[in-house]
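Next come the chains, spelled out residue by residue.
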Amino acid sequence: MSIKQIIKRGLKYIFTGTPVKDIRAEITYSEPDSKLKGKKIVITGGGRGLGAAMAEKFVAEKAEVLITGRNEESLKKTAEKLNCKYLVLDITKPEKFSQFIKQADEMLGGVNCLVNNAGISLHEKTFFDVTPETFDAQINTNFKGAFFLTQEFITLVKNKNEKANILFTSSETGDTMDFRPYGFTKAAINSMIQGLAYLFAKDNIRINAVAPGITASDMTGYKTDGNLYLEINATERVYLPEEVAETACFLLSDASGCISGQIIVCNNARTVNVRWK
Ligand SMILES: NC(=O)c1ccc[n+]([C@@H]2O[C@H](COP(=O)([O-])OP(=O)(O)OC[C@H]3O[C@@H](n4cnc5c(N)ncnc54)[C@H](OP(=O)(O)O)[C@@H]3O)[C@@H](O)[C@H]2O)c1
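Computed from a predicted model, the values in this text were never measured in an experiment. (Residues numbered from 1 in each chain as written. Predicted model: local features only at pLDDT ≥ 70, side-chain atom pairs only at ≥ 80, totals over all residues. Heavy atoms only, no water.)

Draft legend 1. Fine view of the overall build of the protein. Tallying secondary structure elements over the protein gives seven helices and seven strands in all. By the compact-globule yardstick of 19 Å for 277 residues, the protein fits well, its C-alpha radius of gyration being 19 Å. Dimensions along the principal axes, computed over C-alpha positions, put the protein at roughly 65 × 45 × 40 Å. Here the protein, with 277 residues, has 45% of them falling under the buried criterion. By sequence separation, contacts in the protein at least 24 residues apart represent 70% of the contacts at least 6 residues apart. Total accessible area on the protein stands at roughly 14,700 Å², and carbon and sulfur atoms take up 55% of it. Charged side chains of the protein number 35 positive and 32 negative; the gap between the two group centres comes to 2 Å. (Helix = DSSP H or I, 4+ residues; strand = E, 2+ residues; numbered from the N terminus. Rg over C-alpha atoms; globule rule 2.2 N^0.38 Å. Buried < 20%, exposed > 50% of the residue type's maximum accessible area, 1.4 Å probe, protein only. Contact = heavy atoms within 4.5 Å. Areas by Shrake-Rupley, 256 points an atom, 1.4 Å probe, with all protein chains shown as cover. Lys, Arg positive; Asp, Glu negative; His and termini not counted. Charge placed at Lys NZ, Arg CZ, Asp CG, Glu CD.)

Draft legend 2. Focus on the pattern of salt bridges. Tallied over the entire structure, the rule returns 14 salt bridges. In this structure, Arg 48 engages Asp 218 in a salt bridge whose closest nitrogen and oxygen atoms are separated by 2.8 Å. One end of the pair, Arg 48, is in the loop between β1 (40-44) and α2 (49-60); the other, Asp 218, is in the loop between β6 (205-212) and α7 (241-252), with 170 residues separating them in the sequence. Glu 172 is the salt-bridge partner of Arg 270, the closest N and O atoms lying 2.5 Å from each other. On the criterion of sequence distance, the pair formed by Arg 270 in the segment after β7 (263-266) and Glu 172 in the loop between β5 (164-169) and α6 (181-200) is long-range, its members being 98 residues apart. For Arg 270, a relative accessible area of 31% corresponds to the partly exposed category. Since its relative accessible area comes to 7%, Glu 172 is described here as buried. Connected through shared salt-bridge partners, Asp 33, Lys 35, Lys 57, Glu 61 and Glu 246 make up one network. (Salt bridge = Lys/Arg side-chain N within 4 Å of Asp/Glu carboxyl O.)

Draft legend 3. View of the sheet that holds strand β3 (residues 85-88). In spatial order, the strands read β3-β2-β1-β4-β5-β6-β7; together these seven strands make up an open sheet with parallel pairing. The outermost strands of the open sheet, each flanked by one partner alone, are β3 and β7. Adjacent strand axes in the sheet meet at a mean angle of 20 degrees, parallel and antiparallel pairs treated alike. Judged from the five bridges that link them, β1 and strand β2 (residues 64-69) form a sheet pairing that is parallel. For Thr 44, the partnering residue across the bridge sits in β2 and is Thr 68. (Pairing = 2+ DSSP bridges. Axes fitted to C-alpha atoms, helices over the stretch in contact; angles between N-to-C directions.)

Draft legend 4. Inspection of the packing of aromatic side chains at higher detail. Under the defined criterion, the tally for this structure stands at two aromatic pairs. Ring centres 5.2 Å apart and planes at 75 degrees place the aromatic pair Phe 127 and Phe 128 in the edge-to-face group. By relative accessible area, Phe 127 is classed as exposed at 52%. Of the residues examined, Phe 128 reaches a relative accessible area of 71% and is grouped as exposed. Measuring from ring centre to ring centre gives 4.8 Å for Phe 147 and Phe 148, while their planes differ by 75 degrees; the resulting arrangement is edge-to-face. Since its relative accessible area comes to 32%, Phe 147 is described here as partly exposed. The class of Phe 148 is partly exposed, set by a relative accessible area of 29%. (Phe/Tyr/Trp six-rings, centres within 6.5 Å; stacked < 30°, edge-to-face > 60°.)

Draft legend 5. Structural context of the environment of Val 42. In this fold, Val 42 is placed in strand β1. For Val 42, a relative accessible area of 1% gives the class buried. A C-alpha to C-alpha distance of 9.1 Å links Val 42 and Ile 101, two positions 59 residues apart in sequence. With residues up to four places along the chain from it excluded, the contact list for Val 42 reads Leu 66, Thr 68, Phe 100, Ala 104, Leu 108, Val 111, Cys 113, Leu 114 and Val 115.

Draft legend 6. Quick peek at helix α5 (residues 132-159). In a regular helix each residue adds 1.5 Å, so 28 residues correspond to 40 Å; α5 covers 38 Å between its end C-alpha atoms and thus fits that length. The largest bend in α5 comes to about 45 degrees, at Asn 140. Buried within α5 are the following residues: Thr 134, Gln 138, Thr 141, Asn 142, Gly 145, Ala 146, Leu 149, Thr 150, Phe 153, Ile 154, Leu 156 and Val 157. Turning to α5, the residues buried within the fold contact β1, α4 (97-108), β4 (113-116), β5, α6 and β6. (Expected span 1.5 Å × (residues − 1). Bend = angle between axes of the 7 residues up to and from the residue.)

So this is what it looks like as structure tokens:
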């Protein structure tokens with residue numbers, strides 16, 4: 001939890017008397033049993049946060065994994081810890097994607113899964129704080145990058161006539177209202193997932209998404225081993241990246257073979273209600 005959050009909670013307690021809860025996660029994860037054997041997976045934004053948790057789960061399930069990001073130091077550290085491969089790739093540079101996909105394909109001995117996870121949220125406070133720069137940065141990272149990397153990946157697997165699987169990290173903001181570009185990027189991603197899933201179903205390419213609620217990572221400032229209390233989440237708890245990784249693993253595994261074009265919202269129904277108070 002950040003200093004700002006601690007101060008906010010302290011003030012809330014003083015002025016409203018609402019108790020400051022201390023909530024930790026008690027989660028049972030599925031036992032690794034080679035659920036992803038034979039999967040050769042590229043994960044964008046895999047050096048930290050949700051991407052790194054997915055990499056850890058996928059390696060435990062016997063996938064071969066290659067993580068990417070801008071920061072070589074964190075990629076190297078995570079790759080060494082998890083026993084996976086890495087390549088530096090800035091997702092806002094589509095001109096690099098063709099070479100990148102070829103290289104990743106060689107390093108993995110035939111890539112067959114892509115996880116479009118890299119993303120930024122610039123947390124503009126109001127509609128009027130959105131600038132052309134913050135708008136472009138989020139669109140380019142979260143949406144344009146994922147679109148063109150997916151285009152390169154599908155070109156490769158279609159040319160090889162290979163069965164393939166693509167997963168996106170969308171967000172609970174993707175199917176709710178927003179005034180910030182972040183939410184727009186996730187809504188656009190959701191549309192793309194459904195369109196591409198329909199378009200490439202006959203090519204044996206499945207395309208789905210996990211859409212997390214507020215989850216502990218650098219993006220939100222919550223630490224996985226800290227107090228996870230958050231009143232606005234349905235279970236009053238911030239999610240852990242490892243929980244999202246469990247769902248991601250299912251969607252990449254052959255156990256979900258009949259599922260494509262689906263956006264699985266990981267937020268305990270926080271955003272489904274439009275009828276009841
Ligand atoms: N945390 C949440 O509450 C939450 C909720 C819903 C959805 N999500 C989504 O989950 C995904 C991962 O976020 P996170 O929470 O794990 O955040 P995070 O800890 O801040 O990680 C963001 C990741 O994206 C990578 N990235 C950012 N810009 C990039 C660029 N230009 N090129 C390549 N990689 C880039 C970062 O790598 P480098 O810095 O090394 O480049 C890092 O690995 C994002 O798509 C986010 O929108 C998060």
